[in-house]
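# Report on the structure
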Amino acid sequence: MLSCDIYLMPKSLAEALALWRDAPEGSRLLAGATDILPWAREGRAGDVHLTNIIDVSRVAEFQGYEVQGDRVRLNANVVYQDFMEDETLMRLLPTMPGCAAWFADDQIRRQATLVGNIVNASPAGDGLPPMLVHEGTIELARLDGDRVVTRTLPVVDFITGPGQTDLKQDEIATAITLDAMPGHGGSFQKVGLRRSLVISAVCCAALVKADATGKKFEDVRLALGGIGPRPIRLHQIEDMLRGQEMTRELVSRASQIPADLVASRSRVEYRRAVVAGFVEAAIEDALVAVGAPMPNSEQKEMSLV
């Protein structure tokens, strides 16, 4: 059971930061609130009484998004359902529609925020691998006197361990900014212990772009979550594929590399068995998304022409 003494709903960032700075010990921020009840359920936190709950879902600065040149700024209350309905976001952030489709159900997607998912910092958080392939940075705000000051850092550095981040006690995460990747094919792969509403055991995000001939990899970005304490970018595989002919043999060979990177505390052999197939499927699905035919067992070359 979850209870609190005071429930507050600030309408501006400055108000939210002031409330959070002055909040007594035992207070908590929330936005979509999709994780707080499971967290408070017996078996995770048991009965929980909070001093103050500060609900930032009405903060004006947290609404919507902005396209800023070749980057997209997603303010803190952008929810997962937006990536399945907003055509601009679907075009510019091609890993996110697949990620959102795997993320729980319609009701939860309309409440769950991407920023909240990042701040939770689960090793298998669905939103983390897409943040790495889109070179995501997170913006953090605090009050210096009455002045709002911000700092930014890469999401890969913001996550410091399972459930751990570089968020300071008086800070609130305000936005995520990502590379816009129109023209890339995007893919998201995920596996867990059941078929629906599943928490990831392993998840993978891929971005792929073909060169002008349609036969070679011009750009490849890959990231995995769930195989260790933090999500990881697969730079070795990216470098191996970039500039090379698109063949099933090359993709299969490159996909074997991540098995040695599995460093989770549980189900290690299972994760090692899964990751190779996931990376291969993610690359192939991203190729199909950018216009390549799905390769089959007889087809050795994956060409866009």
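For the structure itself, look to the data block above.
Let us look at the structure shown here. Note that the structure is a prediction, hence the values are computed from the model and not measured.

## Overview of helix α1 (residues 13-22)
- For α1, the complete set of buried residues consists of L13, A16, L17 and W20. The arc that holds the buried residues of α1, viewed along the axis, is 95°, so those residues lie on one side.
- At its buried positions, α1 is contacted by β2 (28-30), β3 (48-55), β6 (137-144), β7 (147-154) and β10 (172-179).

## Side note on the packing of aromatic side chains
- Under the defined criterion, the tally for this structure stands at two aromatic pairs.
- Ring centres of Y80 and F83 lie 6.2 Å apart, and the angle between their planes is 75°; on these two criteria the pair is classed as edge-to-face. Of the two residues, Y80 and F83, both sit in the buried class.
- Ring plane angle 5° and centroid distance 3.9 Å describe the contact between Y80 and F103, whose orientation is recorded as stacked. With a gap of 23 residues between them, Y80 in the loop between β5 (71-75) and α3 (82-85) and F103 in the loop between α5 (96-102) and α6 (106-109) connect regions that are remote in the sequence.

## Observations regarding unusual backbone geometry
- The backbone of A33 sits at a positive phi, close to 65°, despite the residue not being glycine.
- For A33, the position within the fold is in the loop between β2 and α2 (36-40).
- Residue A33 is classed as partly exposed on the basis of its relative accessible area of 34%.
- The phi torsion at E135 lies on the positive side, around 55°, for a residue other than glycine.
- With a relative accessible area of 37%, E135 lands in the partly exposed category.

## A look at the sheet that holds strand β11 (residues 185-191)
- Spatially, β11-β12-β13-β14 is the arrangement adopted by the four strands of the open sheet, whose pairing is antiparallel. Because the sheet does not close on itself, it has two edges, and the strands there are β11 and β14 (232-233).
- Here two bridges tie strand β13 (residues 217-225) to β14, and the two strands are oriented antiparallel to one another. Across the sheet, residue L224 finds its bridge partner in β14, namely I232.

## A few points about the pattern of salt bridges
- Enumeration over the complete set of coordinates arrives at 22 salt bridges.
- Where R73 meets E139, a salt bridge forms, and the shortest distance between an N and an O atom there is 2.9 Å. Within this pair, whereas R73 is found in strand β5, its partner E139 is found in strand β6, the two being separated by 66 residues in sequence. For the pair formed by R73 and E139, the shared burial category is buried.
- A salt bridge links E280 to R248; the nearest nitrogen and oxygen atoms lie 3.6 Å apart. Of this pair, E280 sits in helix α12 (residues 268-289) while R248 sits in helix α11 (residues 248-255); the two residues are 32 residues apart in sequence, bridging distant segments of the chain.
- The exposure class assigned to R248 is partly exposed, which follows from its relative accessible area of 22%.
- It is possible to trace a salt-bridge network through shared partners that takes in R71, E135, D179, D219, R221, R233, E238, D239 and R242.

What counts, and at which threshold
- Residues numbered from 1 in each chain as written.
- Predicted model: local features only at pLDDT ≥ 70, side-chain atom pairs only at ≥ 80, totals over all residues.
- Heavy atoms only, no water.
- Buried < 20%, exposed > 50% of the residue type's maximum accessible area, 1.4 Å probe, protein only.
- Helix = DSSP H or I, 4+ residues; strand = E, 2+ residues; numbered from the N terminus.
- Arc of directions from axis to C-beta.
- Contact = heavy atoms within 4.5 Å.
- Phe/Tyr/Trp six-rings, centres within 6.5 Å; stacked < 30°, edge-to-face > 60°.
- Pairing = 2+ DSSP bridges.
- Salt bridge = Lys/Arg side-chain N within 4 Å of Asp/Glu carboxyl O.

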